[in-house]
Amino acid sequence: MKKPLLAVLGALVISGAGMAPAVAAPVIADGAAARTATKTATPTLKAVNFAGTVSLSNCSGSVIRFPNSADTDPALVMTNGHCLETGFPEPGEVITDQASSRTFGLLNASATRVGTLRASKVVYSTMTDTDVTIYQLTTTYAKIKSTYGISPLTLQDTHPTAGTAITVVSGYWKRTYACNIDGFVYRLKEGDWTWKDSVRYTSACQTIGGTSGSPVVDNATGKVVAVNNTGNEDGERCTENNPCEVDASGNVTVREGINYAEETYQIPACFGVGNKLDLSASGCVLPKP
């Protein structure tokens with residue numbers, strides 16, 4: 001996880017992460033590297049594509065809905081907490097209802113940018129326990145569908161399963177990375193931040209800066225099970241860009257080259273009718289301001 005850096009003519013310099021793909025255009029790219037890569041056999045139950053993903057100025061993201069969202073609800077975009085345009089939330093900080101006019105490039109199935117979406121506010125953002133920002137847009141799911149023919153991605157509301165074949169879909173780079181969920185981390189610590197019950201990818205996952213905020217899609221269901229956010233780049237212990245795993249007994253494990261995501265199944269319980277945030281709702285466990 002790193003602060004955004006300025007890319008120069010197709011080469012994004014990311015300390016510890018090497019160079020960005022040569023096809024990239026000069027843009028501001030986020031350094032928090034949640035990643036993934038191809039594994040041996042890719043399940044064929046679902047063909048994961050770019051439809052509904054978005055590109056941010058420094059990260060990736062996706063237009064999301066919850067199982068009970070209505071087509072007429074204001075649409076939402078999800079990315080990482082560390083992708084927030086006003087800077088990293090501090091440990092323990094939770095931001096809600098913050099004005100925003102941020103724009104997002106909406107992609108179709110083949111990763112072509114078909115339109116620009118705009119935020120009306122930051123609904124929720126934190127880097128405590130999880131690493132997520134959710135924006136409310138100025139338009140509805142129905143309007144996006146009628147204008148662009150694109151539907152949102154649905155967040156799964158149950159805990160993901162180890163071994164699941166997944167695809168990380170980066171709207172920033174217009175690239176996908178496929179691997180499996182290797183397991184779950186009791187606590188993932190990076191610098192001053194600590195995340196709970198994080199997803200650990202298999203070793204094939206090798207994503208880069210700018211993939212932060214990408215939806216992690218279950219290949220079998222097409223639903224989002226996590227949001228891509230970081231990885232250990234240099235083998236250091238619990239430093240920025242080098243998260244470490246801490247088990248329930250306090251034992252620390254460092255896995256150089258291994259990358260992680262934060263689960264999203266707990267988010268739907270915190271939103272009610274009209275996609276309105278309700279942190280006091282029964283079953284909502286997201287950190288509160």
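That block above? That's the structure.
Residues numbered from 1 in each chain as written. Predicted model: local features only at pLDDT ≥ 70, side-chain atom pairs only at ≥ 80, totals over all residues. Heavy atoms only, no water.

Inspection of the entire model under this criterion finds four disulfides. The residue that forms a disulfide with Cys59 is Cys83, at a sulfur-sulfur distance of 2.1 Å. Measuring the twist about the S-S bond at about -85 degrees, one finds the Cys59-Cys83 disulfide to be left-handed. Here Cys59, found in the loop between strand S5 (53–55) and strand S6 (60–65), pairs with Cys83, found in the loop between strand S7 (74–79) and strand S8 (94–99); they are 24 residues apart in sequence, far enough to count as distant. In this model, Cys270 is linked to Cys284 through a disulfide, with the two sulfur atoms separated by 2.0 Å. The S-S bond linking Cys270 to Cys284 shows a torsion near 100 degrees; that makes this disulfide right-handed. Here Cys284 lies in the segment after strand S20 (259–263) and Cys270 lies in the segment after S20, a separation of 14 residues in the sequence. This pair shows no difference in class: Cys270 is buried, exactly as Cys284 is. (Disulfide = S-S within 2.5 Å. Helix = DSSP H or I, 4+ residues; strand = E, 2+ residues; numbered from the N terminus. Buried < 20%, exposed > 50% of the residue type's maximum accessible area, 1.4 Å probe, protein only.)

Moving on: the side chain of Thr130. Tracing the sequence through the fold places Thr130 in the loop between strand S10 (113–126) and strand S11 (132–140). Ignoring any residue separated from it by four or fewer positions in sequence, one finds Thr130 in contact with Trp195, Glu262, Glu263 and Leu286. (Contact = heavy atoms within 4.5 Å.)

Attention now goes to the nonpolar core. Counting 43 residues, the largest nonpolar core has Val63, Leu76, Met78, Phe104, Ile134, Ile267 and Phe271 as the members making the most contacts within it. When contributions to this core are tallied by element, the ones reaching two or more residues are S6, S7, S8, strand S9 (103–107), S10, S11, helix H1 (141–148) and strand S17 (224–231). For this core, the leading source of residues is S10, giving five residues. Filtering out sequence-adjacent residues up to four positions away, Phe271 remains in contact with Phe66, Leu76, Val123, Ile134, Lys276, Leu277 and Asp278. Listed in part, the 15 residues of the second largest apolar core include Tyr177, Val199, Tyr201 and Val216. (Core = buried A, V, L, I, M, F, W, Y, C linked by side-chain atoms within 4.5 Å.)

Looking now at the side chain of Thr133. Mapped onto the secondary structure, Thr133 falls in strand S11. One polar contact links Thr133 to Ser125, side chain to side chain, over a distance of 2.7 Å. Ignoring sequence-local partners within four residues, the contact set of Thr133 consists of Val77, Met78, Thr79, Asn80, Gly81, Leu84, Val122, Tyr124 and Ser125. (Polar contact = N/O pair within 3.5 Å; in protein donor to acceptor, adjacent residues only side chain to side chain.)

Turning next to empty space enclosed by the protein. Across all of its chains, the model carries two cavities of 30 Å³ or more by this definition. In this model, the second largest cavity occupies a volume close to 30 Å³. As for the second largest cavity, its lining consists of Gly52, Val63, Leu106, Tyr141, Ile144, Ile150, Ser151 and Pro152. (1 Å grid on protein atoms, 1.4 Å probe; cavity = no way out; pocket = protein on both sides within 12 Å on 5 of 7 lines; lining within 4 Å. Points joined across faces, edges and corners; volume = space filled by probe spheres on them.)

This brings us to the environment of Thr140. As for its position among the elements, Thr140 is in strand S11. Here the alpha-carbon distance between Thr140 and Leu76, two residues 64 residues apart in the chain, equals 8.5 Å.

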